[in-house]
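What follows is each chain in one-letter form.
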Amino acid sequence: MRRTPNWIVIMAVVVVLGGAALVAKGLIGGEGAAATFLTGSATSASPAGPSPEELARVERAKRVVALDAALKKYAATVPGFAVAVLDKKTGDLYSFRGDRKFRTASVVKVQVLACLLLTRQDAGRKLTADEDAKAKLMIRNSDNDATTALFKSLGRESAIQRCDERLGLTGTVVNSAWGLTQTTVEDQVKLLSQLVAADSPIAARGRAYAHTLMSTVSAGQRWGVPAVARAGEEFTVKNGWLARPGTSDLWIVNSVGRITGPGVDVSIAVLSHGHQTQEAGEKVIEKAVKLTRAHLKY
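Computed from a predicted structure; not experimentally measured.

Student: I'm lost on the overall build of the protein chain in this one. Help?
Tutor: Secondary structure assignment for the protein chain yields nine helices and nine strands. Burial analysis of the protein chain (298 residues in total) assigns 50% to the buried set. A separation threshold of at least 6 residues defines the contact pool for the protein chain, and within that pool the share at least 24 residues apart is 65%. When the accessible surface of the protein chain is totalled, it reaches about 13,400 Å², and 55% of it is carbon and sulfur.

Next up, the structure:
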């Protein structure tokens, strides 16, 4: 009886599990992700066995299936959240409820900062001393008055929306009340990637400026994404929190940022709502981020 090589069986099982969502260089889908690859099949592999790249894809797919299961189990016990992780080294995007819209609260301040950098770059000038001071207050201290002043000076929601379009944010709708802007985790990790990509519309000077601000937030705001940073790694972060009693949002609590270090360079976004308190939301965010790190092994 002819025996089928074990590696072919493994790849076939992985493809069958859970449906389709993970695609090489990205993930498409809503609630979660299992593994179907558009880069070939087991039958096209070399008779000598799978290549290291194919084995890596199989391993990645297994991790995605396990993470999907873990997040779905956790999501059944807490208010609504979504999470995305974009790996700069591989280009892989994982997202759980990636296209679901949430209110931004103060994470929209990263969009305001990006728009400030873009528009001043277009004008061929540096930030004024006043703009610099307000940008630092906005990101480091999450100062609302500074944000409102910059939001107005840039041209309000229509101007921020145009900047978002230049940055490729297709699922974000800016609100005149900037904290009620709607966005997705996939858009948020895309924005974070534009703050570091060499081909970003934002020039290197502006990208470096954003990194400086987001890596030096006040001590009381270093929760969320930084919870998974390990010794020797660095993080950038911008958090958001907003109480909306009397609405289904209750407490909106969000965190976006990056973890970098030896062998790791990922952008992470977690958006959530429906919490009874800010502290409860922070716990949900940090649990979700820790699950992604444990399963994706970035």
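The discussion continues.
Student: What should I look at first to understand the pairing of strand 7 (residues 234–244) in this one?
Tutor: On a regular strand, one side chain projects to one face of the sheet and the next to the other, so that they alternate. Bridge count between strand 7 and strand 8 (residues 250–261): eleven bridges; the pairing is antiparallel. Looking across to strand 8, one finds that Ala243 is bridged to Trp251. Connecting strand 7 to the next strand, strand 8, in antiparallel fashion are five residues, including Gly246 with a positive phi near 90°.

Student: Looking at this structure, how should I read the state of the cysteines?
Tutor: Covalent bonding between the sulfur atoms of two cysteines defines a disulfide. Going through the model one piece at a time under the given rule, you end up with one disulfide. Shown here is the disulfide that connects Cys115 with Cys163, its sulfur atoms set 2.2 Å apart. Taking the sign of the S-S torsion, 55° for the link of Cys115 and Cys163, the bridge is right-handed. One end of the pair, Cys115, is in helix 3 (residues 108–122); the other, Cys163, is in helix 6 (residues 156–166), and 48 residues separate them in sequence. Given a relative accessible area of 4%, Cys163 falls into the buried group.

Student: How should the sheet that holds strand 4 (residues 93–96) be read in this particular structure?
Tutor: Strands belonging to one sheet form pairs held by backbone hydrogen bonds; the direction of such a pair is parallel or antiparallel. One open sheet accounts for five strands, arranged 4-3-9-8-7; its pairing is antiparallel. The open sheet has two free edges, formed respectively by strand 4 and strand 7, since each of these has just one partner strand. Across the sheet, the mean angle separating the axes of adjacent strands is 5° when strand polarity is ignored. The pairing of strand 3 (residues 81–87) with strand 9 (residues 264–272) spans seven bridges and is antiparallel. In the strand pairing of strand 9, Asp87 is matched with Val266.

Student: Teacher, can you tell me more about the pattern of salt bridges here?
Tutor: Opposite charge on two side chains lets them pair, provided their charged atoms get close. The tally for this structure, following the rule as stated, stands at twelve salt bridges. Arg63 is the salt-bridge partner of Glu59, the closest N and O atoms lying 3.2 Å from each other. Note that Glu59 and Arg63 are positioned in helix 2 (residues 52–75) at a spacing of four residues, about one turn of the helix. The exposure class assigned to Arg63 is partly exposed, which follows from its relative accessible area of 26%. Of the charged contacts, one joins Arg293 and Glu233 as a salt bridge, the two residues approaching to 2.8 Å between their closest N and O atoms. Remark: Glu233 occurs in the loop between helix 8 (204–214) and strand 7 and Arg293 occurs in helix 9 (residues 278–296); sequence separation between them is 60 residues.

Reading guide: rules and limits
- Residues numbered from 1 in each chain as written.
- Predicted model: local features only at pLDDT ≥ 70, side-chain atom pairs only at ≥ 80, totals over all residues.
- Heavy atoms only, no water.
- Helix = DSSP H or I, 4+ residues; strand = E, 2+ residues; numbered from the N terminus.
- Buried < 20%, exposed > 50% of the residue type's maximum accessible area, 1.4 Å probe, protein only.
- Contact = heavy atoms within 4.5 Å.
- Areas by Shrake-Rupley, 256 points an atom, 1.4 Å probe, with all protein chains shown as cover.
- Pairing = 2+ DSSP bridges.
- Disulfide = S-S within 2.5 Å.
- Axes fitted to C-alpha atoms, helices over the stretch in contact; angles between N-to-C directions.
- Salt bridge = Lys/Arg side-chain N within 4 Å of Asp/Glu carboxyl O.

Read these as geometric descriptors, not functional statements.
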